[in-house]
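Here is how the chains run, residue by residue.
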Amino acid sequence: MSLIEMSVNLGGVRMKNPVTVASGTFGYGQEYADLVDITRLGAVTVKGVRNRPWEGNDLPRHVEVPGGMVNAIGLQGPGVDGFITQYMPFLREKGVPVIVNIWGTDIEEYCEVARKLSDVPGVAGLELNISCPNVKEGGNAFGTDPQVVAELVGAVRAVTVLPLIPKLAPNVPDIRVFVRAAQDAGADAISLINTIPAMVIDIETRKPVLSNRVGGLSGAAVHPVAVKLVWEASQVAKVPLLAMGGISTAGDAIEFMIAGATAVAVGTANFIDPSTPLRVIAGIREYLERHGMHAVGELTGSLV
Amino acid sequence: MFDFLCEVIEHDEVSKEYCLLKLFAGEIAHTARPGQFVHLRIPGLEQGSLRRPFSIFNTDKGLLWILYKSVGRGTEVMKKLEPGEEVKVIGPLGNGFPLQREVESILVAGGYGVAPLYFLATRLKRKGVLVVGGRSADDILVTDMFVGMGWRVVVATVDGSSGVKGLVTDPLLDELKRVEATGGGCELFVCGPDGMLRAVGELARQYGCKAWLSLDKHMVCGVGACLACVQKLRRSDGSTWVGRVCSDGPIFEAGEIVW
Ligand SMILES: Cc1cc2nc3c(=O)[nH]c(=O)nc-3n(C[C@H](O)[C@H](O)[C@H](O)COP(=O)(O)OP(=O)(O)OC[C@H]3O[C@@H](n4cnc5c(N)ncnc54)[C@H](O)[C@@H]3O)c2cc1C
Ligand SMILES: Cc1cc2nc3c(=O)[nH]c(=O)nc-3n(C[C@H](O)[C@H](O)[C@H](O)COP(=O)(O)O)c2cc1C
Ligand code: FES
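All of these numbers come straight from a predicted model, not from anything done at the bench. (Residues numbered from 1 in each chain as written. Chains lettered and ligands numbered in written order. Predicted model: local features only at pLDDT ≥ 70, side-chain atom pairs only at ≥ 80, totals over all residues. Heavy atoms only, no water.)

The next point concerns the packing of aromatic side chains. Tallied over the full model, the rule gives 11 aromatic pairs over all chains. Here the aromatic rings of Trp54(A) and Trp103(A) are separated by 6.0 Å at their centres, their planes lie at 70°, and the arrangement is edge-to-face. On the criterion of sequence distance, the pair formed by Trp54(A) in the loop between strand S4 (44–49) and strand S5 (62–65) and Trp103(A) in the loop between strand S7 (98–102) and helix H2 (107–118) is long-range, its members being 49 residues apart. The exposure class of Trp54(A) is partly exposed, given its relative accessible area of 31%. Here the aromatic rings of Tyr118(B) and Phe146(B) are separated by 5.4 Å at their centres, their planes lie at 80°, and the arrangement is edge-to-face. Here the residue Tyr118(B) occupies a position in helix H3 (residues 114–123), and Phe146(B) occupies one in helix H4 (residues 143–148), the gap between them amounting to 28 residues. Tyr118(B) sits in the buried class, given a relative accessible area of 9%. Clustering of aromatic rings is evident, with ring pairs tying together Phe57(B), Trp65(B), Tyr118(B) and Phe146(B). The ring of Trp54(A) has Arg50(A) lying over it, and the distance from NZ or CZ to the ring centre is 4.5 Å. The ring of Trp103(A) is capped by Arg50(A), whose NZ or CZ atom sits 4.6 Å from the centre of that ring. (Phe/Tyr/Trp six-rings, centres within 6.5 Å; stacked < 30°, edge-to-face > 60°. Helix = DSSP H or I, 4+ residues; strand = E, 2+ residues; numbered from the N terminus. Buried < 20%, exposed > 50% of the residue type's maximum accessible area, 1.4 Å probe, protein only. Lys NZ or Arg CZ within 6 Å of the ring centre and 35° of its normal.)

Here it is in structure tokens:
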């Protein structure tokens, strides 16, 4: 194998290759550790955590649709303290960079969680989930108002030196406004996209299938939408982009990088084939070789 | 837990709507325990389709047996699998039934719920009784295999086309009374639809015996990562928590479940 530089710097998160997993689709890493050598990932991004344990939504929490699924898990989790004691020791021992996805129902809660994680060895960065369609307060409501995004990112910026990666909502009229708002407020990188708000109705009962009525669409179906948003975001982004949405092959990941992404995350595809992230890493390397490139960074923003 | 590409060795219809699939699954089969399940990627389903969970019905020298009913899109396509084709299988998954039992075992099955109970019966030292129910005779599967191992089998069908007419809880009640009369104890091992699990759990409570229920929830990852398959549970101190059926279960003692 020829020497190809696969490492990237995602706004201070140093990844040995550009591939991580999308929050909520890989648990806390250990659930998949029997099946996937997680030390080979560029980073592990964990399920969203808030300041206290949270039970999430009632069932059904998901439904399969053509090209993907609609979910409304509702951010169930052990809370930040539970996360630090139950899950961080394993990840730390593995030595893989950990990106912690955080959320809250108000700005103070994001700050509280960020402060607690700032002193935890092994945490490489914070992904701010300001775009979850599945919780009543906060969530998407933060991510669809650029002023709130600026305020939230600025407030968290003030309490931590960890790399900050706000995760943008796809359901906005102009993604560039949000990219600017986030980077001007101190974001080190930007991640996109979260799931697309969606709904499925059971026509026999005439009821929504999900208990939460609405949820978020993910999987192959969202990929072209995400590519377009990443491409638009890259036109104004001064910070690196972490792209996700429907990656199931190396080609999907390469497409994101050509559109402007520095790193990518595999989400829903993990459920179908847990080896997807490792296949994507190998496929990117193979593509670079085939195209005579020496560093994965050459791909980023190389759209002709 | 393994992620293997497994060859179809045999695939036969066992009755109207039900099929028996035998896959060569090596370590998955060797390490499987009764009550555990596998997560299958059904070839031929369109790209991006989720996996489907199935109980382990039996294992035999590296072979993994699955007894399934075709109920929808995935299982319809699954029926067409031919020997020689390959299927991606993740497993064995879940906690499994407790095995070293002191008292008499009563197995209670509804429809394909008989699948994990057969595997269990092959591993229990002391033979007991299988109480099995369904809508009609077509839903009463593989009872001869239990009889062949020395188990007694009692059947109930809603339409009366096999065994006694009624629900599985009717003959189960007789069994519980019998055990009570002899002054012995028993434990129930149960797999079937939610309504049945709940009713059997309630009977077990009335008769003061344990009931190990195998829960059936729609799943996405199957390994505890996505939180799609949760069930509210009660700890012994009365506090509650939300567990994952795929990785904390699928077997829970009836008293743990907050319905
Ligand atoms: C732990 C466990 C063990 C199981 N063991 C068996 C078994 O041994 N034999 C057997 O025939 N069936 C078993 N099932 C049920 C089996 O998983 C479903 O029948 C199957 O997923 C239906 O898929 P489908 O595409 O045909 O149905 P569709 O209704 O088209 O499926 C749509 C979606 O709903 C899900 N789904 C539908 N019904 C069920 C169900 N009852 N349970 C879970 N998910 C469902 C599917 O996986 C799919 O994601 C088990 C389920 C669980 C959770
Ligand atoms: C089951 C599930 C749970 C998710 N949980 C979270 C979460 O906790 N926090 C978050 O920011 N995004 C969450 N997401 C969104 C994903 O991280 C990702 O942005 C989205 O699914 C698009 O990528 P994909 O199409 O590759 O899945 C979740 C997605 C799914 C399918
Ligand atoms: S199916 Fe994903 S946690 Fe159970």
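So, about a nonpolar patch on the surface. Residues and elements named next belong to chain A. A surface patch of nonpolar side chains, amounting to about 390 Å² of accessible area, comprises Met 199, Ile 201, Ile 203 and Val 214. Structurally, Val 214 can be placed in strand S14 (residues 214–218). Val 214 gets classed as partly exposed once you look at its relative accessible area, which sits at 35%. (Patch = residues over 30% accessible without salt bridge, like charges linked within 9 Å, V, L, I, M, F, W, Y side chains within 5 Å. Areas by Shrake-Rupley, 256 points an atom, 1.4 Å probe, with all protein chains shown as cover. Salt bridge = Lys/Arg side-chain N within 4 Å of Asp/Glu carboxyl O.)

For the rest of this paragraph, the subject is unusual backbone geometry. For the bond from Leu59(A) to Pro60(A), the omega torsion is -10°, close enough to zero to count as cis. Looking at the element boundaries, Pro60(A) is found in the loop between S4 and S5. Between Leu192(A) and the following residue, Ile193(A), the backbone shows a cis peptide bond with an omega angle of 10°. Residue position: Ile193(A) is located in the loop between strand S10 (190–192) and strand S11 (196–199). For Leu75(A), which is not a glycine, the phi torsion comes out positive at approximately 60°. Counting through the fold element by element, Leu75(A) comes out in the loop between strand S6 (68–71) and helix H1 (79–94). With a phi close to 80°, Glu17(B) is a non-glycine residue in the positive phi region.

Turning next to the pattern of salt bridges. All chains considered together, the criterion is met by 28 salt bridges over all chains. Between Lys16(B) and Asp138(B) there is a salt bridge whose closest N-O contact spans 3.3 Å. In this pair, Lys16(B) is assigned in the loop between strand S1 (2–15) and strand S2 (18–24) and Asp138(B) in the loop between strand S9 (129–134) and H4, connecting sequence segments 122 residues apart. Given a relative accessible area of 30%, Asp138(B) falls into the partly exposed group. Residues joined by salt bridges that share partners form a network here, namely Glu64(A), Glu46(B), Arg52(B) and Arg73(B).

In this assembly, 29 residues from chain B lie in contact with 20 residues from chain A. Between chain B and chain A lies a buried interface of about 2,300 Å² when both sides are counted; carbon and sulfur atoms form 58% of it. Looking at the side of chain B facing chain A, the largest losses of area belong to Met1(B), Leu50(B) and Leu227(B), adding up to 23% of the total buried there. Applying the counting criterion to the chain B and chain A interface returns six salt bridges. The greatest single-element share of the side of chain B that touches chain A, amounting to three residues, is contributed by strand S15 (residues 240–244) of chain B. Considering only residue class, the side of chain B that touches chain A consists of 15 nonpolar, five polar and nine charged. (Contact = heavy atoms within 4.5 Å. Buried area = accessible area lost by both parts, 1.4 Å probe. Nonpolar A, V, L, I, M, F, W, Y, C, P; charged D, E, K, R; others polar.)

Another aspect to go through is the pairing of strand S9 (residues 164–167) of chain A. Residue and element names in this part refer to chain A. The alternating pattern of S9 places Leu 164 and Pro 166 and Ile 165 and Lys 167 on opposite faces, both of which are buried. Inspection of the sheet shows strand S8 (residues 123–129) paired to S9 by four bridges, in the parallel sense. The residue bridging Leu 126 from the neighbouring strand is Leu 164, located in S9. (Pairing = 2+ DSSP bridges.)

This paragraph deals with the site of ligand 1. Near ligand 1 you find 20 residues, and of these Arg52(B), Pro53(B), Gly74(B), Thr75(B) and Asp216(B) are the closest. More than one chain reaches ligand 1: its neighbouring residues belong to chains A and B. Separating a nitrogen atom of ligand 1 from a backbone N or O atom of Ser55(B) is a distance of 2.9 Å. Protein contacts shield 86% of the accessible area of ligand 1, which totals 830 Å² for the unbound molecule. Sorting the residues of the shell around ligand 1 by element identifies strand S4 (52–55), strand S6 (63–69) and helix H2 (73–78) of chain B as the ones contributing at least two each. Counting residues per element, the shell around ligand 1 draws most heavily on S4(B), at four residues. Residue classes in the shell around ligand 1 are distributed as nine nonpolar, five polar and six charged. (Near = heavy atom within 4 Å. Polar contact = N/O pair within 3.5 Å; in protein donor to acceptor, adjacent residues only side chain to side chain.)

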